[in-house]
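Inside the fold
The lines below spell out each chain.
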Amino acid sequence: MVCDPVSRVRRFNRAVTAEVGALDTSFLGRGRPLGAARVLNSIGRGQSDVSAIRDCLGLDSGLMSRLLRALEEEGLIETVPNRQDARRRIARLTDTGRSEFQAYEALSNAQAEAFLARHRRPDELLRAMDLVACSLGRHHIVLEEKDPRHDDAAYCLNEYYGELARRFEKGFDVSLSRDPDAKDMIRPHGAFLVAMSDGLPIGCVGLKGSGGDVAEIKRLWVAPSARGLGLAKRLMTAAETIAHELSVRLLRLDTNSALAEAQQLYRGTGWTEIERFNDDPYPDTFFEKRL
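This text gives an overview of the structure that appears in the document. (Residues numbered from 1 in each chain as written. Predicted model: local features only at pLDDT ≥ 70, side-chain atom pairs only at ≥ 80, totals over all residues. Heavy atoms only, no water.)

**Focus on helix α2 (residues 34-44)**
- Along α2, the residues that are buried comprise A36, A37, V39, L40, S42 and I43.
- The inward-facing, buried residues of α2 contact α3 (50-57), α4 (61-73), β1 (77-81), β2 (89-93) and α5 (95-117). (Buried < 20%, exposed > 50% of the residue type's maximum accessible area, 1.4 Å probe, protein only. Helix = DSSP H or I, 4+ residues; strand = E, 2+ residues; numbered from the N terminus. Contact = heavy atoms within 4.5 Å.)

**Overview of the packing of α3 against α4**
- Two numbers describe how α3 lies on α4: the axes approach to 10 Å, and their chain directions differ by 115°. Every pair of crossing elements has a handedness; the one defined by α3 and α4 is right-handed. On α4, the residues touching V50, I53 and R54 of α3 are S61, M64 and L68.
- A class-by-class count of the residues in the contact of α3 with α4 yields four nonpolar, one polar and one charged. (Axes fitted to C-alpha atoms, helices over the stretch in contact; angles between N-to-C directions. Left-handed = near helix turned anticlockwise from the far one by under 90°. Nonpolar A, V, L, I, M, F, W, Y, C, P; charged D, E, K, R; others polar.)

**A few points about the sheet that holds strand β3 (residues 142-145)**
- One open sheet accounts for seven strands, arranged β3-β4-β5-β6-β7-β9-β8; its pairing is mixed. The open sheet has two edge strands, β3 and β8 (272-274), and neither has a second partner. Across the sheet, the mean angle separating the axes of adjacent strands is 30° when strand polarity is ignored.
- Across five bridges, the pairing between strand β5 (residues 200-208) and strand β6 (residues 214-222) is antiparallel. (Pairing = 2+ DSSP bridges.)

**Topic: the side chain of E163**
- Mapped onto the elements of the fold, E163 is located in helix α7 (residues 151-167).
- Judged by its relative accessible area of 10%, E163 falls in the buried class.
- If sequence neighbours within four positions are ignored, E163 has contacts with W221 and R227.

**Some details on a positive patch on the surface**
- There is a patch of like positive charges on the surface, built from R8, R10, R11 and R14.
- Among the residues examined, R14 registers a relative accessible area of 52% and is labelled exposed. (Patch = residues over 30% accessible without salt bridge, like charges linked within 9 Å, V, L, I, M, F, W, Y side chains within 5 Å. Areas by Shrake-Rupley, 256 points an atom, 1.4 Å probe, with all protein chains shown as cover. Salt bridge = Lys/Arg side-chain N within 4 Å of Asp/Glu carboxyl O. Lys, Arg positive; Asp, Glu negative; His and termini not counted. Charge placed at Lys NZ, Arg CZ, Asp CG, Glu CD.)

**What about the packing of aromatic side chains?**
- This structure, assessed with the given rule, holds nine aromatic pairs.
- For the ring pair Y161 and F172, a centre distance of 5.7 Å and an interplane angle of 25° mean the geometry is stacked. With Y161 in helix α7 and F172 in the loop between α7 and β4 (191-197), this residue pair connects regions lying 11 residues apart in the sequence.
- By relative accessible area, Y161 is classed as buried at 13%.
- Note on F172: relative accessible area 17%, which makes it buried.
- Considering the side-chain rings of F172 and Y282, the 4.6 Å spacing of their centres and the 50° angle between planes classify their relative orientation as tilted. Of this pair, F172 sits in the loop between α7 and β4 while Y282 sits in the loop between β8 and β9 (285-290), and the two are 110 residues apart along the sequence.
- The exposure class of Y282 is buried, given its relative accessible area of 15%.
- Every member of this aromatic cluster is reached through a ring pair, and the members are Y160, Y161, F168, F172 and Y282.
- Directly above the aromatic system of F277 lies the positively charged group of R252, at a separation of 5.6 Å from the ring centroid. (Phe/Tyr/Trp six-rings, centres within 6.5 Å; stacked < 30°, edge-to-face > 60°. Lys NZ or Arg CZ within 6 Å of the ring centre and 35° of its normal.)

**Thoughts on the environment of R88**
- Looking at where R88 falls in the secondary structure, it is placed in the loop between β1 and β2.
- Residue class for R88 comes out partly exposed when judged on its relative accessible area of 33%.
- A C-alpha to C-alpha distance of 51 Å links R88 and S257, two positions 169 residues apart in sequence.
- A polar side-chain atom of R88 sits 2.9 Å from a polar atom in the side chain of D49. (Polar contact = N/O pair within 3.5 Å; in protein donor to acceptor, adjacent residues only side chain to side chain.)

**Regarding a nonpolar patch on the surface**
- A cluster of nonpolar side chains, contributed by F12, V16 and V20, occupies part of the molecular surface with about 210 Å² of accessible area.
- Within the fold, V16 resides in helix α1 (residues 5-20).

Below, the structure is given as structure tokens:
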């Protein structure tokens with residue numbers, strides 16, 4: 001069949017390869033191939049451990065060594081032993097390397113803006129790109145504990161509130177819910193986790209406590225582009241682990257019947273439905289789980 005799934009995937013791969021200049025010997029006209037530019041970008045974005053960079057980019061040791069050597073010969077980076085573990089190496093940019101990193105950043109941003117400008121429906125295009133990026137990068141999604149007021153956390157919460165407003169029959173106003181500022185989702189009482197995909201927030205969950213042996217799971221949200229990857233279950237498991245650390249013995253949560261997929265997750269992971277335990281105007285279904 002002409003338009004079978006495999007042919008469509010291969011067409012996509014060829015289009016992306018050509019668009020990003022993966023085969024160019026001078027990526028974005030800066031005189032070095034894409035591989036070297038990606039290593040420089042990783043270091044410029046704060047990654048320093050050579051082994052971690054190699055694993056993140058999926059490079060073998062030999063190629064990684066050659067790319068680092070080439071960047072060192074250009075005077076863009078320097079590598080030194082890790083003070084805590086002499087077997088590991090740390091890479092950092094020189095002044096020249098920082099200038100080159102900034103040049104790449106400007107060119108890459110301009111390339112992305114031009115790409116989006118060519119499409120009549122850029123938002124639709126971005127949604128498709130987010131879906132692909134989350135799927136391909138699923139094994140590199142990390143969970144980070146953040147203050148609920150952090151920009152990444154605030155982004156997730158705003159997206160979560162917006163989705164509830166669309167899905168609930170009477171809308172949603174966070175100011176009417178309990179703990180609208182999530183002030184009890186900070187240690188030592190609780191915690192707030194954000195799922196990050198290559199530096200971008202794609203999910204969250206909160207553990208709300210008061211220092212006792214009972215706490216609540218709140219604000220579970222996963223971006224549409226990351227659904228179907230098991231991320232919600234992963235977030236819930238991580239929140240339960242933190243609850244153990246805080247000596248919490250009983251977890252509770254509330255939800256709304258409009259969120260059928262959430263109820264399915266809870267019932268499938270050991271949660272038991274119970275009677276209402278709060279006067280929040282939005283939930284109509286309540287669960288608990290003994291740890």
